[in-house]
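Below are the chains, spelled out letter by letter.
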Amino acid sequence: MADQTHVLFVEDDDVIREATQLALERDGFAVTAMPDGLSGLEAFRANRPDIALLDVMVPGLDGVSLCRRIRDDSTVPVIMLSARADSIDVVLGLEAGADDYVTKPFDGAVLVARIRAVLRRFGHASGGDRTDADTAPVDGGVLTFGDLEVDTEGMEVLKAGQPVALTPTEMRLLLEFSSAPGTVLSRDKLLERVWDYGWGGDTRVVDVHVQRLRTKIGQDRIETVRGFGYKLKA
């Protein structure tokens, strides 16, 4: 398992859990599969996986609550699984700290592609270190925007001199904005650059992450340009 990407998969449906586990293992992942949220939390704490796949509706501790518990002490990437694309559970999962979501029923190849896309962003694509291609195109150094300081080499953020804790996805999003302050970035462009989507994606992922980022760096730092996207105030 040491040389494989370790996936924690929490799903209460026996058929889906077993079939998905087999599919992921065929693609070279090591999988720990659990049927409920409480056992999933125990497995997470015991094994510290590289990525977590959490079904929203699992017994004991639902997927959204489990995601929050994971986020209490880890920035490991999390993908939520939801049975309905229009469900409020999607937004709740993203607000809880998930990095992406996949709608059920899902195609195994699509799920693997989404997992690999998330892992590339987090530097686990081949079980190795990040490459220059995995980072946003920002010149090295400390960038300053009012009371906000972004260290693009040390990957640290300060607001009014105080450190700001960002998840890797939030950091990549901020780096994209920092690379072009004052320039409007569309949701589709952010999906492509931050989430590595080579296809159309749900822009709610962008909207929720922008809102989460705003709560950490200042509500007025990122401006909404209606009908176009977002921009970082220079």
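Please read all numbers here as calculations on a predicted model, not as lab measurements. (Residues numbered from 1 in each chain as written. Predicted model: local features only at pLDDT ≥ 70, side-chain atom pairs only at ≥ 80, totals over all residues. Heavy atoms only, no water.)

Quick notes on the sheet that holds strand E2 (residues 30-34)
- Spatially, the 5 strands line up as an open sheet ordered E2-E1-E3-E4-E5, and their pairing is parallel. Of all strands in the sheet, those bounded by a partner on one side alone are E2 and strand E5 (100-103). The sheet shows a mean angle of 20° between the axes of neighbouring strands, direction not considered.
- Sheet topology places strand E1 (residues 6-10) next to strand E3 (residues 51-55); 4 bridges connect them, and they run parallel. Counterpart to Leu 8 in the pairing with E3 is Ala 52. (Pairing = 2+ DSSP bridges. Helix = DSSP H or I, 4+ residues; strand = E, 2+ residues; numbered from the N terminus. Axes fitted to C-alpha atoms, helices over the stretch in contact; angles between N-to-C directions.)

Quick look at the packing of helix H2 (residues 37-47) against helix H3 (residues 63-71)
- The contact between H2 and H3 brings their axes to 10 Å, and the two run at 20°. Taken together, the axes of H2 and H3 lie roughly parallel to each other. H3 is crossed by H2, and the crossing has right-handed handedness. Residues Gly 37, Gly 40, Leu 41, Phe 44 and Arg 45 of H2 pack against Leu 66, Arg 69 and Ile 70 of H3. (Parallel < 35°, antiparallel > 145°, perpendicular 65-115°, else oblique. Left-handed = near helix turned anticlockwise from the far one by under 90°. Contact = heavy atoms within 4.5 Å.)

Section: the nonpolar core
- Formed by 49 residues in total, the largest nonpolar core has its most connected members in Leu 54, Met 80 and Phe 177.
- Of all the elements, helix H8 (residues 204-217) adds the most residues to this core, at 6 residues.
- When residues no more than four places from it in sequence are discounted, the contact partners of Leu 54 are Val 10, Gly 63, Leu 66, Cys 67, Ile 70, Val 78, Ile 79, Met 80 and Leu 81.
- Among the nonpolar cores identified, the runner-up in size contains 16 residues, and Val 7, Phe 29, Val 31 and Val 112 belong to it. (Core = buried A, V, L, I, M, F, W, Y, C linked by side-chain atoms within 4.5 Å. Buried < 20%, exposed > 50% of the residue type's maximum accessible area, 1.4 Å probe, protein only.)

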